[in-house]
Amino acid sequence: MKTKNSCVLKKALINLLSFSSLTILCTLFFTAFFPVSQADAFQAELKPASIRQGDAFLLRVTGLNRSIEPSAMLNKKPLRFSSCGEGCFVAIGAVDLNARAGVYRIPLKIGQHKSILRLRVLKGRFETIHLTLPEEKVSPVPEDIDRIKREAGLLTSIWEIDSERLMEGGFVFPLENPLSTPFGTKRIINKETVSIHRGLDIKGKEGEDIHASNRGRVVLTEELFFGGNTLILDHGHGIFTVYMHLSGFNVGLGDLVSKNDVIGFVGSSGRSSGPHLHFGVKVTGMNINPVSITRLRL
Ligand SMILES: [Zn+2]
């Protein structure tokens, strides 16, 4: 009986050891090192590999001996790679605020090599706040509805612009002040109208300088119904930053601006209750938490 028990134990231990070794081997193979052939090995990593709903991440491929551009897909949409030096390619990806939490598969292809990376998406920590506003600030009058529709169409056409990469290095905050309303906050106005905050509010004084978050081209300087004086920068590869409620612009449509250039001034234009900057980030049509893009080491 004793011998039988110890034999069962031994077997279980062997099974456990081989399972662990297999798990370690699989992990290494899928997330870290890809020995394609002796002449062509590389590393691929997701940074971070675990994000929250509405966050951006980086996919970086390094150590390629040849300059073959990788291709990768997330939710059937291609990620846009650009060179980050010899044998190095990097892409910014993101998941929508409403994306389901769970593990997402990212198929990666480099030449003949194919593999799968796994991105973990956790539920976002979004607050709910209740606001009371005068009814005329909540429900637009009929003549404003046409204007709102026209402006929504204009914005949609901007998100479709597909230009070459203009951004250089990481994204910075346009205003170094404390934050007020975070990204993803659910606002229940007058107990019934629900609005999701798809950007980040940064405190500011009337007339304070607003800086470009990265190098980019000015693709909009207009007064919009909700956003007031709104400025949009195109950073290339489907990435845009949005600056709303400005008191004035310091650049013109079509200008190419460098990171940190003063592009406009804090104000309270449009649907705003006081001077502040609404800072938004779009990645291939999705509204992304601006904090997450400033954390990426590009
Ligand atoms: Zn806002």
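First things first, this report covers the structure right here in the doc. (Residues numbered from 1 in each chain as written. Predicted model: local features only at pLDDT ≥ 70, side-chain atom pairs only at ≥ 80, totals over all residues. Heavy atoms only, no water.)

**Topic: the environment of Ser272**
For Ser272, the location among the structural elements is in the loop between β21 (262-265) and β22 (276-283). Ser272 sits in the buried class, given a relative accessible area of 9%. In sequence terms Ser272 and Gly228 are 44 residues apart; their C-alpha atoms lie 8.3 Å from each other. Beyond its immediate stretch of four places on either side in the chain, Ser272 contacts Lys137 and His245. (Helix = DSSP H or I, 4+ residues; strand = E, 2+ residues; numbered from the N terminus. Buried < 20%, exposed > 50% of the residue type's maximum accessible area, 1.4 Å probe, protein only. Contact = heavy atoms within 4.5 Å.)

**What about helix α3 (residues 142-159)?**
The first and last C-alpha atoms of α3 sit 27 Å apart over 18 residues, in line with the 26 Å expected at 1.5 Å per residue. Looking only at α3, the buried set comprises Asp144, Ile148, Glu151, Leu155, Ile158 and Trp159. Projected onto a plane normal to the axis of α3, the buried residues spread over an arc of 90 degrees and lie on a single side. Counted as exposed and oriented over 90 degrees from the buried face of α3: Pro142, Glu143, Asp146, Lys149 and Arg150. (Expected span 1.5 Å × (residues − 1). Arc of directions from axis to C-beta.)

**A word on the nonpolar core**
Among the nonpolar cores identified, the biggest contains 31 residues, and Ile92, Leu233, Tyr243, Ile263 and Leu277 are the most heavily contacted of them. For this core, the secondary-structure elements that each account for two or more residues are β4 (56-62), β8 (89-94), β14 (200-203), β17 (228-234), β18 (239-246), β22, β23 (286-288) and α4 (290-294). Among the elements that take part in this core, β22 stands out by supplying four residues, more than any other. Of the domains in this structure, domain 2 (32-122) and domain 3 (136-183 + 199-294) are the two that each give at least three residues to this core. Beyond its immediate sequence surroundings of up to four residues, Leu233 is in contact with Ala212, Asn214, Arg217, Val218, Val219, Ile239, Phe240, Thr241, Tyr243, Val257 and Ile263. In this structure, Ile51, Leu59, Val61 and Leu74 belong to the second largest nonpolar core, which totals 23 residues. (Core = buried A, V, L, I, M, F, W, Y, C linked by side-chain atoms within 4.5 Å. Domains from an automatic or database assignment.)

**A word on the pattern of salt bridges**
Per the stated rule, a full pass over the model turns up three salt bridges. For the salt bridge of Arg80 with Asp162, the shortest nitrogen-to-oxygen distance reads 2.6 Å. Linking Arg80 in the loop between β6 (77-78) and β7 (81-83) with Asp162 in the loop between α3 and β12 (186-189), this pair joins segments that are 82 residues apart in sequence. Asp162 gets classed as exposed once you look at its relative accessible area, which sits at 55%. (Salt bridge = Lys/Arg side-chain N within 4 Å of Asp/Glu carboxyl O.)

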